[in-house]
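# Structure assessment
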Number of protein chains: 2
Amino acid sequence: MPASGKIFALAGGVGAARFLDGLTRIVAPERLFIVGNVGDDAEIHGLHISPDLDTVMYTLAGISHREQGWGIQGDTFHCLDALGSLGAENWFRLGDRDLATHIYRTERLRRGVSLSDVTRELADALGVRASLVPVTDQRHRTLVQTPQGLLEFQKWFVERRACDPVTGVRFAGLRTARPAAGVLEHLRTAAGVILCPSNPFISIGPILAVRGIRDALRKTAAPVAAISPIVGGRALKGPAARMMKSMGMQVSASGVAELYRDFVNVFILDTVDRFQAEKVEQLGMRAIVTGTVMTGLHEKKALAAVVLKSMGLA
Amino acid sequence: MPASGKIFALAGGVGAARFLDGLTRIVAPERLFIVGNVGDDAEIHGLHISPDLDTVMYTLAGISHREQGWGIQGDTFHCLDALGSLGAENWFRLGDRDLATHIYRTERLRRGVSLSDVTRELADALGVRASLVPVTDQRHRTLVQTPQGLLEFQKWFVERRACDPVTGVRFAGLRTARPAAGVLEHLRTAAGVILCPSNPFISIGPILAVRGIRDALRKTAAPVAAISPIVGGRALKGPAARMMKSMGMQVSASGVAELYRDFVNVFILDTVDRFQAEKVEQLGMRAIVTGTVMTGLHEKKALAAVVLKSMGLA
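These numbers were taken from a predicted model, which means no experiment stands behind them. (Residues numbered from 1 in each chain as written. Chains lettered and ligands numbered in written order. Predicted model: local features only at pLDDT ≥ 70, side-chain atom pairs only at ≥ 80, totals over all residues. Heavy atoms only, no water.)

## Details of the overall build of chain A
To keep it simple, the criterion reads: Working definition: helices are DSSP H or I runs of at least four residues, strands are E runs of at least two. Numbering for both runs from the N terminus. We take the radius of gyration over the C-alpha atoms and set the globule estimate at 2.2 Å times the residue count to the 0.38 power. The buried label applies to any residue whose accessible area, calculated with a 1.4 Å probe on protein chains only, is under 20% of its type's maximum; exposed applies above 50%, and partly exposed to all values in between. Residues count as neighbours in contact if any of their non-hydrogen atoms are within 4.5 Å of one another. Using the Shrake-Rupley algorithm and a 1.4 Å probe, accessible areas are obtained, with residue cover drawn only from the displayed protein chains. By the counting scheme adopted, Arg and Lys are positive, Glu and Asp are negative, and His together with the chain ends is not counted. Lysine's charge is taken at NZ, arginine's at CZ, aspartate's at CG and glutamate's at CD.
Counting its secondary structure elements, chain A contains 13 helices and 14 strands. Its C-alpha radius of gyration of 18 Å places chain A within 12% of the 20 Å reference for a compact globule of 314 residues. Along the longest, intermediate and shortest principal axes, the C-alpha atoms of chain A span 55 × 45 × 40 Å. Looking at chain A as a whole, 58% of its 314 residues are labelled buried. Partitioning the contacts of chain A with sequence separation of at least 6, the portion at a separation of at least 24 is 69%. When the accessible area of chain A is evaluated, it comes to approximately 12,700 Å², of which 49% is carbon and sulfur surface. Placing the 37 positive and 30 negative side-chain charges of chain A at their respective mean positions leaves the two points 3 Å apart.

Written out as structure tokens, the structure is:
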């Protein structure tokens with residue numbers, strides 16, 4: 001692996017942001033090239049919302065809401081409340097400061113600036129030093145198949161509170177979505193690739209689905225490590241466990257590993273799941289057992305250190 | 001004049017809103033048909049702002065900022081401050097609650113709803129009982145001629161603080177702008193028409209400029225009354241006096257009356273300008289001298305009563 005290569009990370013929302021928060025405290029943020037999920041992007045009140053990109057961005061900028069993980073710490077909701085009074089739907093919680101991001105992004109996109117460029121402008125303005133890039137500049141949206149039919153992701157996730165069982169995931173725009181500038185190049189020259197502890201279907205899945213990315217992951221010379229988002233048969237955050245179940249899969253760390261068997265070399269699973277290490281190794285991966293629950297800064301940094309070491313980068 | 005006809009008002013921003021606040025306290029708001037100026041509408045951060053419509057709407061809804069006259073009382077500016085941090089221009093002061101109006105309007109307009117219909121939705125949601133209608137649903141923007149060249153209205157008015165002397169006013173979109181639904185009909189059947197005390201060039205002017213409106217004012221059987229926005233050679237609010245001066249006109253109530261001589265029957269001027277009454281009458285109008293400075297609710301109602309009486313409506 002070229003020493004000049006970046007550490008390439010595939011990131012969803014809150015879980016990824018927590019992990020990257022630890023990682024950027026033990027390596028120079030400039031070494032990181034983070035590819036973010038846009039499958040859960042949505043237009044709300046006519047504004048382009050990129051929840052996963054923003055969660056990572058706010059976290060790395062040190063302004064994210066400490067408890068909920070998304071949104072901005074100390075934000076107010078005066079605009080959203082007023083929108084509610086006007087009769088607009090306000091199930092998607094957009095804070096006043098957070099809205100500035102969406103207003104800015106929407107205006108720039110309308111002027112023809114790419115999502116990559118807007119994301120860089122926003123991240124720069126907020127002082128984020130790592131590279132944060134949407135997987136694609138084209139429209140690429142996650143749809144979930146449910147007994148109620150095919151639902152837009154945010155409608156299912158936020159408005160319907162992820163109640164409907166998911167029997168499958170589809171992507172709208174897949175035929176035209178191309179990897180954003182730099183993504184395939186950085187994947188090829190990466191010093192290491194990390195799949196953050198994010199939902200395999202709705203966070204990592206939409207990234208892998210963009211043309212050329214999964215193939216580049218199979219071909220890269222760099223070690224590819226994945227951190228299980230499932231710990232003790234449960235998701236640390238979000239609906240991953242329920243989705244695995246309703247899709248007829250085994251809800252386990254090794255169940256996640258199986259989804260990545262064609263390109264992951266190192267699989268990091270929690271100590272409570274140590275009994276699954278053998279099963280993971282049978283998939284042809286090296287299994288690393290460590291504490292993956294990021295309750296605090298210490299745990300975040302410790303996990304990041306283990307991941308780097310597993311790839312020979314520390 | 002048909003007794004069933006509405007009281008038809010031509011309105012700019014703060015001055016008009018104050019007058020209409022008084023008027024709606026002495027006649028049923030449902031009797032009022034208010035045509036608002038859209039010449040100072042602007043796209044800011046990609047949002048469609050209609051400052052004059054909003055000022056009238058917020059005032060009649062009882063939520064306008066008491067001192068400044070525009071915006072919402074008690075509003076916060078968290079989003080705008082955050083936009084500033086992102087590097088966006090934030091010279092146009094948009095409060096968080098106020099932003100909800102613009103976000104809602106912009107989204108509805110993008111969905112193909114007319115400005116008239118959106119305005120009605122907003123006014124209804126805020127509990128405004130008078131009819132408030134933009135003069136046109138088409139794009140119709142005021143441009144000011146200055147030594148710096150032709151400037152967009154808000155750029156000149158807010159960003160450049162109306163510093164550049166104005167040598168003329170032009171309108172973009174005039175060829176395609178048609179009066180909004182109901183405007184000409186209500187003008188024809190009005191019980192009375194009132195030109196609120198608004199800037200003749202940038203508030204009343206853009207309304208009169210829309211095709212058919214000035215002509216309908218000349219032809220309506222209803223009495224047409226105008227209230228001078230110039231008192232003692234000064235504008236009570238805004239740049240009207242300076243504009244008259246830089247356009248080579250006499251800064252006086254009778255100077256305003258002259259602009260309307262082809263269709264106004266009754267001209268209301270302040271007691272300090274009583275010496276101009278004769279000059280006004282020489283223009284073929286009836287001059288009514290009264291207190292026009294609306295320092296409080298009492299003065300607003302008193303002025304409204306005088307105006308109604310002057311048209312034989314009280």
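## Structural notes on the packing of aromatic side chains
Convention followed: Only the six-membered ring of Trp is used, alongside the rings of Phe and Tyr, when aromatic pairs are assigned; centres must lie within 6.5 Å, and planes under 30 degrees apart are stacked while those over 60 apart are edge-to-face, with the rest tilted. The rule for a charge over a ring is simple: NZ of Lys or CZ of Arg within 6 Å of the ring centre, and within 35 degrees of the ring normal.
All chains considered together, the criterion is met by twelve aromatic pairs over all chains. Measuring from centroid to centroid gives 5.1 Å for Phe153(A) and Phe157(A), while their planes differ by 20°, and the two rings are stacked. Taken together, the positions of Phe153(A) and Phe157(A), both in helix H6 (residues 153-159) and four residues apart, correspond to about one turn of that helix. Phe153(A) sits in the buried class, given a relative accessible area of 5%. Note on Phe157(A): relative accessible area 34%, which makes it partly exposed. Ring geometry for Phe153(B) versus Trp156(B): centroids 5.8 Å apart, planes at 55°, classification tilted. Taken as a pair, Phe153(B) and Trp156(B) lie in helix H6 (residues 153-159) at a separation of three residues, close to a single helical turn. The exposure classification of Phe153(B) matches that of Trp156(B), with both residues buried. Among the aromatic residues, those joined into a ring-pair cluster are Phe153(A), Trp156(A) and Phe157(A). Across the ring face of Phe77(B), the terminal group of Arg93(B) is positioned such that the distance to the ring centre comes to 4.9 Å.

## Side note on the environment of Glu121(A)
Residues and elements named next belong to chain A. Using the following cut-off: Under this definition, polar contacts are N or O atom pairs within 3.5 Å; protein pairs additionally need one hydrogen-donor-capable and one acceptor-capable atom, and for neighbouring residues in sequence, both atoms have to be side-chain atoms.
Counting through the fold element by element, Glu121 comes out in helix H5 (residues 115-125). As for Glu121 and Tyr104, which are separated by 17 residues in sequence, their C-alpha atoms are 9.8 Å apart. If we skip the residues at most four places from it in the chain, Glu121 touches Tyr104, Arg108 and Val113. Only 2.7 Å separates the side chain of Glu121 from the side chain of Tyr104, close enough to count as a polar contact.

## Things to note about unusual backbone geometry
For Arg161(A), which is not glycine, the phi torsion reads 50° and is therefore positive. Here Arg161(A) lies in the loop between H6 and strand E8 (168-172).

## A closer look at the interface of chain B and chain A
Let me state the cut-off plainly: Buried area is understood as the total, over both parts, of accessible area removed when two parts are fitted together, assessed with a 1.4 Å probe.
With 23 residues of chain B in contact, the opposing surface of chain A contributes 23 residues. Buried area between chain B and chain A, summed over both chains or domains, comes out near 2,000 Å², and the portion from carbon and sulfur atoms is 74%. It is His78(B), Leu86(B) and Ile103(B) in chain B that bury the most area against chain A; as a group they hold 31% of the surface buried on that side. Where chain B meets chain A, there are four residue pairs in polar contact (both at pLDDT 80 or more). If one sorts the elements of the side of chain B that touches chain A by residue count, helix H4 (residues 96-110) of chain B sits on top with nine residues.

## Here we look at the nonpolar core
Operational definition: What we call a nonpolar core is a set of buried Ala, Val, Leu, Ile, Met, Phe, Trp, Tyr and Cys residues that are connected through their side-chain atoms within 4.5 Å.
Membership of the largest hydrophobic core comes to 214 residues, with the highest contact counts inside it found for Phe19(A), Leu20(A), Phe19(B) and Leu20(B). When neighbours within four sequence positions are excluded, Phe19(B) is seen to be in contact with Ile194(B), Cys196(B), Pro197(B), Ile227(B), Met294(B), Leu303(B), Ala304(B) and Val307(B).

## Considerations on the pattern of salt bridges
Residue and element names in this part refer to chain A. Short version of the rule: We define a salt bridge as a contact between a side-chain nitrogen of Lys or Arg and a carboxyl oxygen of Asp or Glu at a distance within 4 Å.
One pass over the full model with this rule turns up 32 salt bridges over all chains. Among the ionic pairs, Arg139 bridges to Glu43, the shortest N-O distance being 3.3 Å. Of this pair, Arg139 sits in the loop between strand E5 (131-134) and strand E6 (141-146) while Glu43 sits in strand E3 (residues 42-44), and the two are 96 residues apart along the sequence. A relative accessible area of 53% means that Arg139 is categorised as exposed. For Glu43, a relative accessible area of 42% translates into the label partly exposed. In this structure, Lys219 engages Asp215 in a salt bridge whose closest nitrogen and oxygen atoms are separated by 2.8 Å. Placement of both Lys219 and Asp215 in helix H9 (residues 213-219) is noted, with a separation of four residues, approximately one turn of the helix. Lys219 gets classed as exposed once you look at its relative accessible area, which sits at 62%. Overlapping salt bridges bring together Arg214, Asp215, Arg218, Lys219 and Asp262 as one network.

Everything listed here is a matter of geometry and, on its own, says nothing about what the molecule does.
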